[in-house]
Protein chains: 2
Amino acid sequence: MKSNHTQKNCSNVHLAIQDTLYVVSGKWKLVILAILVNDGKMRFGELSRHAGISPRILSKELQEMEMNKLVSRTVMDTKPVTVEYAATEYADSLKEVIDAMIKWGQSHREAIKES
Amino acid sequence: MKSNHTQKNCSNVHLAIQDTLYVVSGKWKLVILAILVNDGKMRFGELSRHAGISPRILSKELQEMEMNKLVSRTVMDTKPVTVEYAATEYADSLKEVIDAMIKWGQSHREAIKES
DNA sequence: CTGTATCCTAGCTGATACTG
DNA sequence: CAGTATCAGCTAGGATACAG
């Protein structure tokens, strides 16, 4: 038996992979997440300087990550207004994916080296 | 304790993630791999038609995948010459990563739907 | 038949200046 | 300070013709 997958399952799987890729790929999303996880909540400007991301990109990334519930955005009642971003609990659910990627990436580098 | 990671570990992890991302992201690599895994070895032209990828892109993708030991390339002694591509055993090692991505992608879609 | 060369387009990314 | 507008460069991906 070569394959028992239906077209529908195939589409679902493909879609699921694309959804995940959308969240983990790209130049900045995981970097931002790592910073927020390691260093805790941070304001927009801090994050921009800390990661070296220009405001335009950072804004776009944070919006997408907020839509995907990976970061929370809190407007603080200060003057002038400041905004704090933080990694959500839900972001932890990505850990399995990221760990799998780290593990494979490390052993892969070994595997390739031996040629 | 917030973080006990060294700069070096951080770099390694980041590098490993990028290596994995390089292999699984992009529009075609996983599609090609899925086809070769499900339908077995296939010639260049077949693959091109089957997946609907133009030769230029397919060639580039296959070269990269071959460098990463994910596919094998066998020149057949036919006339005119034909070339068979197949998924390697090593490609199976990606399964954990892909499964993690499928799993997260599916549950994520549910998580987002509820908002 | 396998692959490459050429040309083209759309989208991602970045620097910078600016608005509220 | 947070975020957007504008402009510019780069890269991924694609159509097509062609070479070996």
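Just so it is clear, the structure is predicted and the values come from calculations on it, not from any experiment.

*Asks:* When you look at the UniProt feature "domain: HTH hxlR-type" (unreviewed entry) in chain A in this model, what are you seeing that I'm missing?
*Replies:* Residues annotated in UniProt with the feature "domain: HTH hxlR-type" (unreviewed entry) correspond here to residues 10-113 of chain A. Annotated as residues 10-113 of chain A, this span is 63% helix and 13% strand, and its ends, taken at the C-alpha atoms, are 34 Å apart.

*Asks:* Help me out: how do you make sense of the protein's contact with DNA strand C in this one?
*Replies:* The full set close to DNA strand C counts 18 residues, and Lys 27, Trp 28 and Arg 56 of chain A together with Ser 59 and Arg 73 of chain B are the nearest of them. Considering DNA strand C, the proportion of its atoms within 4 Å of the protein that are sugar or phosphate atoms stands at 58%. Between a phosphate oxygen of DNA strand C and a side-chain N or O atom of Tyr 85 of chain B, the distance comes to 2.7 Å. Of all the elements in the fold, those that place two or more residues in the surface near DNA strand C are helix H4 (55-67) of chain A together with helix H3 (44-51), helix H4 (55-67) and strand E3 (82-87) of chain B. When residues of the surface near DNA strand C are assigned to their parent elements, the largest contribution, 4 residues, is made by H4 of chain B. Its residues assigned to classes, the surface near DNA strand C comprises 8 nonpolar, 4 polar and 6 charged.

*Asks:* Quick question: what am I supposed to make of the packing of helix H5 (residues 95-113) of chain A against helix H1 (residues 7-24) of chain B here?
*Replies:* To describe two helices that pack against each other, one gives the angle between their axes and the distance between the axes. The geometry of H5 of chain A relative to H1 of chain B is characterised by a closest axis approach of 7 Å and an angle of 90° between their N-to-C directions. Here H5 of chain A lies roughly perpendicular to H1 of chain B, going by the angle between them. Across from Ile 98, Met 101, Ile 102, Trp 104, Gly 105, Gln 106, His 108 and Arg 109 of chain A in H5 of chain A, the residues of H1 of chain B making contact are Val 13, Leu 15, Ala 16, Ile 17, Asp 19, Thr 20, Leu 21 and Val 23 of chain B. Split by residue class, the contact of H5 of chain A with H1 of chain B holds 10 nonpolar, 4 polar and 2 charged.

*Asks:* Which parts of the structure should I look at to understand the interface of chain A and chain B?
*Replies:* Often, the extent of an interface is quoted as the loss of accessible area on bringing the components together. Counting residues at the interface gives 40 residues for chain A, matched by 40 residues for chain B. When the two sides are added together, the surface that chain A and chain B hide from each other amounts to roughly 3,400 Å², 66% of it contributed by carbon and sulfur. Residues Asp 19 of chain B and Arg 109 of chain A are paired through a salt bridge, measuring 2.8 Å at the closest nitrogen-oxygen approach. Put simply, chain A and chain B have 14 residue pairs in polar contact (both at pLDDT 80 or more) between them.

*Asks:* Honestly, the relation of the copies chain A and chain B in this entry has me stumped. Any pointers?
*Replies:* There are two copies of the chain, and a rotation about an axis plus a shift along that axis relates them. Least-squares fitting of chain A to chain B yields an RMSD of 0.1 Å, with the superposition described by an axial translation of 0.0 Å and a rotation of 180°. Interpreted geometrically, this transformation is the action of a two-fold axis. Same-surface contact between copies: 100% of interface residues of chain A are shared with the interface of chain B.

*Asks:* Please clarify how the sheet that holds strand E3 (residues 82-87) of chain A should be interpreted in this entry.
*Replies:* Note: strands within a sheet are paired through backbone hydrogen bonds, in either parallel or antiparallel orientation. Residues and elements named next belong to chain A. As summarised here, the arrangement of the 3 strands in space is E1-E3-E2, forming an open sheet in which the pairing is antiparallel. A strand with exactly one partner marks an edge of an open sheet, and here the two such strands are strand E1 (42-43) and strand E2 (71-76). Note: E2 against E3, 6 bridges, orientation antiparallel. Bridge assignment links Val 75 to a residue of E3, and that residue is Val 83. Strands in contact with helix H2 (residues 29-39) are E1, E2 and E3; relative to E3, the strand with the most contacts, it is inclined by about 90°.

*Asks:* Which parts of the structure should I look at to understand the packing of H5 of chain A against helix H5 (residues 95-113) of chain B?
*Replies:* At their nearest, the axes of H5 of chain A and H5 of chain B sit 9 Å apart, and the two run at 165° to each other. As judged from the angle between their axes, H5 of chain A and H5 of chain B are roughly antiparallel. For H5 of chain A against H5 of chain B, the interelement crossing comes out left-handed. Where H5 of chain A approaches H5 of chain B, its residues Glu 96, Val 97, Ala 100, Met 101, Lys 103 and Trp 104 of chain A are matched on the opposing element by Glu 96, Val 97, Ala 100, Met 101, Lys 103 and Trp 104 of chain B. Here the residues of the contact of H5 of chain A with H5 of chain B sort into 8 nonpolar, no polar and 4 charged.

*Asks:* Looking at this structure, how should I read the side chain of Thr 20 of chain B?
*Replies:* Topologically, Thr 20 of chain B is positioned in helix H1. Within the structure, the side chain of Thr 20 of chain B is placed 3.2 Å from the backbone nitrogen of Gly 105 of chain A, a separation counted as a polar contact.

Here is what the cut-offs are and how they apply
Residues numbered from 1 in each chain as written. Chains lettered and ligands numbered in written order. Predicted model: local features only at pLDDT ≥ 70, side-chain atom pairs only at ≥ 80, totals over all residues. Heavy atoms only, no water. UniProt positions renumbered as here; feature names shortened; annotations may be inferred. Helix = DSSP H or I, 4+ residues; strand = E, 2+ residues; numbered from the N terminus. Near = heavy atom within 4 Å. Polar contact = N/O pair within 3.5 Å; in protein donor to acceptor, adjacent residues only side chain to side chain. Nonpolar A, V, L, I, M, F, W, Y, C, P; charged D, E, K, R; others polar. Axes fitted to C-alpha atoms, helices over the stretch in contact; angles between N-to-C directions. Parallel < 35°, antiparallel > 145°, perpendicular 65-115°, else oblique. Contact = heavy atoms within 4.5 Å. Buried area = accessible area lost by both parts, 1.4 Å probe. Salt bridge = Lys/Arg side-chain N within 4 Å of Asp/Glu carboxyl O. Least-squares fit on C-alpha atoms with pLDDT ≥ 70 in both. Pairing = 2+ DSSP bridges. Left-handed = near helix turned anticlockwise from the far one by under 90°.

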